[in-house]
Amino acid sequence: GRLEVERVTARTLVGAGFRAEPGECVALAGPGADGSTLCRVLAGRLRPEAGTVRLGGVPLERYPPRQLAWLVGHLPAEVGLLPGTVTDNIARMSALPEPELVAEAAELAGAHEAILRLPDGYATRLGEDGDPLADGLQRRIGLARALYGDPRLVVLDAPDAGLDAAGEAALAACLARLKAARVTVVMAPRRQHWLRLADRVLDLGGEAA
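Read on for an overview of the structure. (Residues numbered from 1 in each chain as written. Predicted model: local features only at pLDDT ≥ 70, side-chain atom pairs only at ≥ 80, totals over all residues. Heavy atoms only, no water.)

1. A look at the sheet that holds strand S2 (residues 13-20)
Thinking step 1. The four strands are arranged S2-S1-S4-S5 in an open sheet whose pairing can be described as antiparallel. Of all the strands in the sheet, the pair left with one neighbour each is S2 and strand S5 (58-59).
Thinking step 2. The pairing of strand S1 (residues 3-10) with S2 spans five bridges and is classified as antiparallel. For Ala10, the partnering residue across the bridge sits in S2 and is Leu13.
Thinking step 3. Lying over the sheet, helix H1 (residues 32-42) contacts S1, S2 and strand S4 (50-55), oriented at roughly 125° with respect to S1. (Pairing = 2+ DSSP bridges. Helix = DSSP H or I, 4+ residues; strand = E, 2+ residues; numbered from the N terminus. Contact = heavy atoms within 4.5 Å. Axes fitted to C-alpha atoms, helices over the stretch in contact; angles between N-to-C directions.)

Below, the structure written as structure tokens:
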């Protein structure tokens, strides 16, 4: 879970760098587009133009894609749920989803009880873009998808978007449990008060503090 980001440049992001030990939470502050770009780089979704990202001392590009997908959980700014059941989406459209891991991820994301209230629970079918779920529940299911399995690094882009008070409380509890489990977390929240929950804040226009 040790994360090392060395002078990463991608799109408008220039020379970002920091380190995070297992169990630490780093919050990204500054331009939202740069935060999203760095989140995509850390999740292995975007290769940087310059610089290196290492997880456990190994550059991300050296991990086989399947292994990297299990090591890194990613909640993008646009959740992007797909047509299929809630279980399918949390299990990342796996042909053989593991129900216990699905339920564990949903519980950790604070989505379990809300899912049980859906017409068919975890078997409820979703349409394009998570229709008919409200944005807040879509984001919690997206968070559960990021937590599915046993990721060592969790990257959260706008995790607080569209959340009500209950959703925010669930997210705060989730962050605390991830830290206790020594999972490294990087988040780019939209609301400033989330910065207080981080061990360090990286100002994308400056340095880590």
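2. Digging into a negative patch on the surface
Thinking step 1. A contiguous patch of negative charge on the surface is contributed by Glu78, Glu128, Asp129 and Asp131.
Thinking step 2. Among the structural elements, Glu128 can be located in the loop between strand S8 (125-126) and helix H6 (135-147). (Patch = residues over 30% accessible without salt bridge, like charges linked within 9 Å, V, L, I, M, F, W, Y side chains within 5 Å. Areas by Shrake-Rupley, 256 points an atom, 1.4 Å probe, with all protein chains shown as cover. Salt bridge = Lys/Arg side-chain N within 4 Å of Asp/Glu carboxyl O. Lys, Arg positive; Asp, Glu negative; His and termini not counted. Charge placed at Lys NZ, Arg CZ, Asp CG, Glu CD.)

3. Structural notes on H1
Thinking step 1. Among the residues of H1, those classed as buried are Asp34, Gly35, Thr37, Leu38, Cys39, Val41 and Leu42.
Thinking step 2. Phi turns positive one or two residues past the end of H1, at Gly44, with a value near 80°. (Buried < 20%, exposed > 50% of the residue type's maximum accessible area, 1.4 Å probe, protein only.)

4. What about the packing of H6 against helix H7 (residues 165-180)?
Thinking step 1. Contact pair H6 / H7: the axes reach a minimum separation of 12 Å and the direction vectors enclose 10°. By the angle between their axes, H6 is roughly parallel relative to H7. Judged by residue contacts, Arg140, Leu143 and Leu147 of H6 engage Gly167, Ala170, Leu171, Cys174 and Leu178 from H7.
Thinking step 2. Here the contact of H6 with H7 is composed, by residue class, of six nonpolar, one polar and one charged. (Parallel < 35°, antiparallel > 145°, perpendicular 65-115°, else oblique. Nonpolar A, V, L, I, M, F, W, Y, C, P; charged D, E, K, R; others polar.)

5. What about the pattern of salt bridges?
Thinking step 1. Taken as a whole and judged by the stated rule, the model has nine salt bridges.
Thinking step 2. A salt bridge links Glu21 to Arg2, with the nearest nitrogen and oxygen atoms 3.1 Å apart. Separated by 19 residues along the polypeptide, Glu21 in the loop between S2 and strand S3 (25-29) and Arg2 in the segment before S1 bring together distant segments of the chain.
Thinking step 3. Taking the relative accessible area as the measure of exposure, Glu21 reaches 33% and is therefore partly exposed.
Thinking step 4. Among the residues examined, Arg2 registers a relative accessible area of 41% and is labelled partly exposed.
Thinking step 5. Between Asp160 and Arg191 there is a salt bridge, with its nearest N and O atoms 3.6 Å apart. You can see Asp160 sitting in the loop between strand S9 (153-157) and H7 and its partner Arg191 sitting in the loop between strand S10 (184-188) and strand S11 (200-203), a full 31 residues away along the chain.

6. Describing the side chain of Thr124
Thinking step 1. Along the chain, the position of Thr124 falls in the loop between helix H5 (112-116) and S8.
Thinking step 2. Setting aside anything within four residues of it in sequence, one finds Thr124 in contact with Gly84, Thr85, Val86, Leu118 and Pro119.

7. Thoughts on helix H4 (residues 99-108)
Thinking step 1. For H4, the complete set of buried residues consists of Val102, Ala105, Ala106 and Leu108. In an axial view of H4, the angular spread of the buried residues amounts to 165°, which keeps them on one side of the axis. Exposed residues on H4 whose side chains face more than 90 degrees from its buried face are Pro99 and Glu100.
Thinking step 2. Residues of H4 that are buried in the fold lie against helix H3 (86-90), H5, H6 and H7.
Thinking step 3. Positioned one or two residues after H4, Gly110 has a phi angle of 75°, which is positive. (Arc of directions from axis to C-beta.)

8. Examining the pairing of S9
Thinking step 1. With five of its five residues buried, S9 lies for the most part within the structure.
Thinking step 2. With burial as the criterion, each face of S9 is covered, one bearing Leu153, Val155 and Asp157 and the other bearing Val154 and Leu156.
Thinking step 3. Sheet topology places S9 next to S10; five bridges connect them, and they run parallel. Residue pairing in the sheet places Leu153 in a bridge with Thr184 of S10.
Thinking step 4. Following the chain from S9 across H7 to the adjacent parallel S10, one finds a crossover that is right-handed. (Right-handed = clockwise from strand over helix to strand, strands pointing away.)

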